[in-house]
Amino acid sequence: MDVGTVSAGTAPALDARELYRFYRAGEEETLALRGVSLTVAPGELVAVVGPSGSGKSTLLACLAGLDEPAGGSVRIAGERISHRPEAERAGIRARRIGILLQTENLIAHLDVARNIRLARTAAGRHGTPAQDIDVLLDQVGLLGRAHALPRELAGGEVARAALAVALANDPDLLLADEPTGELDGSTEHRILELLRARGSDGRRGVLLVTHSTAVLAGADRVLTLRDGRLRA
Ligand SMILES: Nc1ncnc2c1ncn2[C@@H]1O[C@H](COP(=O)(O)OP(=O)(O)OP(=O)(O)O)[C@@H](O)[C@H]1O
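The chain has the name ABC transporter ATP-binding protein in an unreviewed UniProt entry, where Streptomyces nojiriensis is given as its organism.

Listed below in structure tokens is the structure:
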């Protein structure tokens, strides 16, 4: 019987098996994912590279439970997120996954600190002390910008605020799409250090899509996606 959960703690941060995803438009069928399997061990930072159209966005969406694969399974820290009703996927996502995609994750009318607090509340962590929010803001170098609205932030600050929101629920797995895309060299280095530090207690994993040579050099493993298939 598949109860959907295996023992947490020893389970991979991410365990994806044989993922398939097809898009149909009229007579046309695109095979965006063709049997993709990958794991991210607790403590690992894994990077995925691939040309435009190779399936990177589709893969991230399926891993995050934002999209349902036609076949295969996705488990986060032992808990199955694939092939469940949307509300259950959303709950697992809020508790276990940090998401940093190209789409905006900041609420426009809330300041940076309130955006972080909201993400924690969504994960069931109510009443977060202000100093916990400050620790997170300090890690991304935004301690002085706690009360700024998203529109008041510079481009690099928006990227760092988005990362703070993605990490607000202390996720088992961080999924990120070009997390250092718009950052200057020193900020990129700082963010990379922060991402690497997430795995340092051997509990959490990071999977990111990137073209940055600095990030690729800092990854534990680099996987290549081509035509919906993954190669090490
Ligand atoms: N909603 C959709 N309907 C039809 N085809 C789609 C849809 N979304 C993606 N595709 C196709 O699926 C394939 C994989 O797309 P995907 O966006 O996942 O690739 P990608 O590697 O993220 O590309 P990019 O780097 O340009 O964002 C492409 O051939 C794309 O045209």
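(A) The arrangement of the sheet that holds strand β3 (residues 45-49) in detail. The six strands are arranged β6-β7-β8-β3-β9-β10 in an open sheet whose pairing can be described as mixed. In this open sheet, the two edge strands, each paired with only one partner strand, are β6 (97-100) and β10 (229-231). Taking each pair of neighbouring strands and ignoring which way they run, the sheet shows an average axis angle of 20°. With three bridges joining them, strand β9 (residues 221-226) and β10 adopt antiparallel strand pairing.

(B) Just the pattern of salt bridges, in detail. With the rule as written, the count across this model stands at 15 salt bridges. Its salt-bridge partner being Glu-68, residue Arg-89 comes within 3.2 Å of it at the nearest N-O pair. Of this pair, Arg-89 sits in helix α2 (residues 86-96) while Glu-68 sits in the loop between α1 (56-63) and β4 (71-76); the two residues are 21 residues apart in sequence, bridging distant segments of the chain. Residue Arg-89 is classed as buried on the basis of its relative accessible area, which comes to 9%. Arg-96 is the salt-bridge partner of Asp-172, the closest N and O atoms lying 2.9 Å from each other.

(C) Highlighting the packing of aromatic side chains. As enumerated under the stated definition, the model contains one aromatic pair in all. Residues Tyr-20 and Phe-22 carry aromatic rings whose centres are separated by 6.4 Å and whose planes lie at 25° to one another, so their mutual orientation is stacked. Take Tyr-20: its relative accessible area is 31%, and that puts it in the partly exposed class. Its relative accessible area of 32% is what places Phe-22 among the partly exposed residues.

The rules we used
Residues numbered from 1 in each chain as written. Predicted model: local features only at pLDDT ≥ 70, side-chain atom pairs only at ≥ 80, totals over all residues. Heavy atoms only, no water. Pairing = 2+ DSSP bridges. Helix = DSSP H or I, 4+ residues; strand = E, 2+ residues; numbered from the N terminus. Axes fitted to C-alpha atoms, helices over the stretch in contact; angles between N-to-C directions. Salt bridge = Lys/Arg side-chain N within 4 Å of Asp/Glu carboxyl O. Buried < 20%, exposed > 50% of the residue type's maximum accessible area, 1.4 Å probe, protein only. Phe/Tyr/Trp six-rings, centres within 6.5 Å; stacked < 30°, edge-to-face > 60°.

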